[in-house]
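Residues per chain are reported as follows:
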Amino acid sequence: MNREKDLRAVDEWSFLADDLKLYLDTHPTDAHALAALKNALAERKAAVAAYEEAHGALTHDGLLASKDYDWVERPFPFE
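These numbers come from a predicted model, not from an experiment.

With that out of the way, let us pick up the pattern of salt bridges. A complete count under the given rule lists one salt bridge for this structure. Across the pair K21 and D18 runs a salt bridge, and its minimum N-O distance is 3.2 Å. Highlighted residues: K21 and D18, both in helix α1 (residues 3-26), separated by three residues, approximately one helical turn. The exposure class of D18 is partly exposed, given its relative accessible area of 40%.

And the structure:
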């Protein structure tokens, strides 16, 4: 897989989840928005898992599944 494409998927789902959380701060009874947030968080989790499987840990949590501590040997996500 393409590293940039995989990272973009994580970014897009993260942005949507953040946007929905902000919306729900002012509209806490919107059941549709809450369902959309739960879906976005699940999709983000899947996107992070796919990224980490293909390219290594994206966050410190991703190091739990890592065999080695090779955090600094790979390009950082912002590079």
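Don't stop here, the text continues.
So, on to the environment of A54. Inspection of the secondary structure puts A54 in helix α2 (residues 31-55). Put simply, A54 and D6 are 48 residues apart on the chain and 8.8 Å apart in space, counted from C-alpha to C-alpha.

Once that is clear, we can look at α2. Taking 1.5 Å of rise per residue, the 25 residues of α2 would be expected to cover 36 Å, and the 36 Å separating its terminal C-alpha atoms lies within 8% of that figure. Regarding α2, the residues found buried are A33, L37, A40, A47, V48, Y51 and H55. Of the surrounding elements, those touching the buried residues of α2 are α1. The opening residue of α2 is D30, an N-cap whose side-chain oxygen sits 3.1 Å from the backbone nitrogen of H32.

Parameters and conventions
- Residues numbered from 1 in each chain as written.
- Predicted model: local features only at pLDDT ≥ 70, side-chain atom pairs only at ≥ 80, totals over all residues.
- Heavy atoms only, no water.
- Salt bridge = Lys/Arg side-chain N within 4 Å of Asp/Glu carboxyl O.
- Helix = DSSP H or I, 4+ residues; strand = E, 2+ residues; numbered from the N terminus.
- Buried < 20%, exposed > 50% of the residue type's maximum accessible area, 1.4 Å probe, protein only.
- Expected span 1.5 Å × (residues − 1).
- Contact = heavy atoms within 4.5 Å.
- Polar contact = N/O pair within 3.5 Å; in protein donor to acceptor, adjacent residues only side chain to side chain.

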